[in-house]
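Take a look at the letters that make up each chain.
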Amino acid sequence: MGELILDISELKTNFYTYEGVVKAIDEISFSLEKGDTLGIVGETGCGKSVTVLSLLQLILPPGKIESGRIVYKANGKRINLLEQSEPFMRNVRGNEISMIFQEASSALNPVLNINTQVSESFLLHRQKELCESVLENLSERVDKSKRFSRLFLRCLNYRYKKKLRKAENNLLKHGHYGRLIKKDAKRLTIDLLASLGIPNPSEVIKRYPHELSGGMQQRVVISMALACNPNILIADEPTSNLDVTIQAQILDLIEKLKGEYKTSILFITHDLGVIAEIASKVIVLYAGALVEFAPVRELFKNPLHPYTKALLNSVPKLERRERLESIRGNVPNLVDPPAGCRFHPRCPGVMDICRSSKPEQIINRTHGGQVHSVACFLYRNTKAWYEN
Amino acid sequence: MNFLNYIIRRLLLLIVVLIGVTVVIFILMALFSPAQRASAFITDIKQFGDIDSIIRTYGLDKPVYIQYFNWLKQIFQGNFGWSTTVSRPVIDAFKFFFPNTLELALFSAPIIILVGIWIGSLSAVHRDKPVDHFTRVLAIVGWSLPTFWFGLILLMIFYGYFQGLFPPEALGYKAHTFVNSAEFVRYTRINSIDALLNGELWIFVDAIRHLVLPVITLTVVQIALVMRIMRSSMLEAMGKGYVLTARAKGAAWKTVIKKHARRNALIPVVTVSGWLFALMMAGVVITETIFNRKGLGWWWARAATQLDIPSVLMAVLFNGILFVVTNLIVDILYAYIDPRVRLG
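A quick note: this is a predicted structure, and the numbers were derived from the prediction, not measured.

### A look at the overall build of chain A
Part 1: The number of helices and strands found in chain A is 14 helices and twelve strands.
Part 2: Scored against the burial criterion, the 388 residues of chain A give a buried share of 52%.
Part 3: For chain A, the accessible surface area stands at approximately 19200 Å², while carbon and sulfur atoms represent 51% of it.

### Observations regarding the pairing of strand E12 (residues 371–374) of chain A
Strand residues, when the strand is regular, have side chains that alternate between the two faces of the sheet.
Part 1: Here strand E10 (residues 289–295) of chain A runs beside E12(A); their pairing, made up of two bridges, is antiparallel. Paired with A:Phe293 across the bridge in E12(A) is A:Ser373.

### What about the pattern of salt bridges?
Oppositely charged side chains may form a pair once their charged atoms are brought near each other.
All names here are of chain B.
Part 1: If you walk through the whole model with that rule in mind, you get 16 salt bridges over all chains.
Part 2: A salt bridge links Asp-128 to Arg-136; the nearest nitrogen and oxygen atoms lie 4.0 Å apart.
Part 3: Accessibility expressed as a relative area gives 43% for Asp-128, which makes it partly exposed.
Part 4: Residues participating in the shared-partner salt-bridge network are Asp-128, Asp-132, Arg-136 and Arg-231.

### Let's talk about the domain arrangement of chain A
All names here are of chain A.
Part 1: By the assigned domains, chain A splits into domain 1 (4–111 + 208–279), domain 2 (114–195) and domain 3 (285–384).
Part 2: Each of domain 1 and domain 3 has a C-alpha centre, and these two points are 24 Å apart.
Part 3: Contacts between the two partners involve 26 residues from domain 1, matched on the other side by 20 residues from domain 3.
Part 4: Here domain 1 meets domain 3 over a buried area of about 1800 Å², counting both sides, of which 63% is carbon and sulfur.
Part 5: At the junction of domain 1 with domain 3, the criterion picks out one salt bridge.
Part 6: As a salt-bridge pair, Asp-26 and Arg-342 come within 3.6 Å of each other at their nearest N and O atoms.

### A word on the interface of chain A and chain B
Part 1: Taken together, the contact pairs 25 residues of chain A with 21 residues of chain B.
Part 2: Buried area between chain A and chain B, summed over both chains or domains, comes out near 2300 Å², and the portion from carbon and sulfur atoms is 61%.
Part 3: Contact with chain B buries surface across chain A, with A:Val111, A:Glu120 and A:His210 losing the most and accounting together for 25% of the total.
Part 4: Our count for the contact surface shared by chain A and chain B stands at two salt bridges.
Part 5: For the pair chain A and chain B, the number of links is ten residue pairs in polar contact (both at pLDDT 80 or more).
Part 6: Elements with a minimum of two residues in the side of chain A that touches chain B: helix H3 (104–107) and helix H4 (114–125) of chain A.
Part 7: Per-element accounting of the side of chain A that touches chain B gives the leading share, six residues, to H4(A).
Part 8: Counted by class, the side of chain A that touches chain B contains 13 nonpolar, nine polar and three charged residues.

So, how was this worked out
Residues numbered from 1 in each chain as written. Chains lettered and ligands numbered in written order. Predicted model: local features only at pLDDT ≥ 70, side-chain atom pairs only at ≥ 80, totals over all residues. Heavy atoms only, no water. Helix = DSSP H or I, 4+ residues; strand = E, 2+ residues; numbered from the N terminus. Buried < 20%, exposed > 50% of the residue type's maximum accessible area, 1.4 Å probe, protein only. Areas by Shrake-Rupley, 256 points an atom, 1.4 Å probe, with all protein chains shown as cover. Pairing = 2+ DSSP bridges. Salt bridge = Lys/Arg side-chain N within 4 Å of Asp/Glu carboxyl O. Domains from an automatic or database assignment. Contact = heavy atoms within 4.5 Å. Buried area = accessible area lost by both parts, 1.4 Å probe. Polar contact = N/O pair within 3.5 Å; in protein donor to acceptor, adjacent residues only side chain to side chain. Nonpolar A, V, L, I, M, F, W, Y, C, P; charged D, E, K, R; others polar.

This is how it looks when you write it as structure tokens:
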């Protein structure tokens, strides 16, 4: 078992709407290993996106993170992200944990060109490095020339240090400096886009989002997330609006980048096929609750929770010609979720206890020694584990 | 290059539209009988016998297309006929009244647009907080104030209790005499600007004092409109995906608002602002009448009630051109803000 990079426990987020309190996610616990890909599966509205938005604390009022712990471990330190201040979180977002959004066309700002949008990440998180490299370039140039320029450089150096001390975020506003830094950021942007396989990047960065194709837009969105080489990449249905060939390209790209940058990935999707392809472990969410956690092959081979089983049964298969099954009933309204197990009104194996109390995660290990857990009373007796 | 192309295309289109405007106005005019139109040239009741000779002199019985070209020629020569309301040629009256209206619009429009955008985004950013509730109540109050009533209240307060603080008309007596004397060069005919150009600060102050009340009357009502539009479009923009993307990049909330949300939110506001400016230029009849500011609205309101047809025609032509040009400016601003427009 590898080192954990992210450990989320009992995370709870509510939305205070006019209809009542929407209990969007209810005490979800899971963890992500370093360099691993964790898939999050579930229907629309089951709390996949809310989970990851809570993780980055991007939930806006009326939403509120009620309780829980999000322990992020990096550089040997363990930090509970929920206890951190907003400026600290700003430094984490996009820098250490970044996110790819579902619809590239709406995730890009229509009135700003690609360069402005992608280089923004560099300008936010790599300012010190950019300043230093700009200064280095300047000093190289100055060294070759006369003595009086050396004086100039010393002045410049002095000014630079003073400004760095004064306000890191305001350096950009200092005319000449700002321009040099932006130029440097542009160079980085071109390199980044080229590494993502975008043809002719120095032309592309001048364009606006509407002038690019869907696949290109998605690549740009990915490039924004990868700009600062994050430790964790959250992909929120990055392929849901693309056609299959582009989808395959994007998945390949993410796979390749994962190998290159040693990034851990949280991959959200409702597409089980995509999960099978990219994730190594999967968590299944239903109506804001975590129902099952398993390694991906185990999940497909031996699904335990009745919901997971039903979900897998509703995927069309070529070798099976009978009528496609659907899950009876409807997704519950999260303002007033069912008591006990949230799946019990739709569950074929419902028991009395399911209606009254909430099932705990029951943890077991597969034959290979991997963890497989399920929140269901059917498995209270662990002997029943593999008999189903 | 794309942007420049767009502007050139729009300018070429402008010419076509302007020709269309003159055609429509001429058709309106051609609906009158020659005798009716000839009466527009009569300045004295004794001239009624000359109608036939007027028709012949001005070619009012010629074919329509020849008349149209004659009319165009006259317009280009600045010959719009005689305004009976103010007893001088229409073109002179226009030159006299136009700067007063322009001055009013030039002072009101920036206030309306900037303050409206500012309050609107403030209210959207602090949604459902006290600031938002307060500005929304103000907006509703402002928008439901009838201009004439609000103007009269201001008039009552400032002419009744604080006499002489903000006087009526466009200039005080002393300043008016000085402005029309030979010492004062009228570069633009706009009092306040001319005063600055001539270096006469006291005239500038006088002009501003005469502007305060009409500007308040105009702005209070229209800020409410701009503010409400800005608020709703800002709220819409703040809910968009790109705002979330920017926040996920680690940008500060303030940067997100300024750089990402506001520019998108400005698009509908630009339309309304252009429209408001054009409406103001087309004559703010009530405001100018209440404060006795002799501007276009003041003149045309009288012209319309006294059947001063040449003046009214001038008003129609001016409004047509004004709206076409304002639309062009709005479109160019649009294209500047939103790159998607440049394609079309």
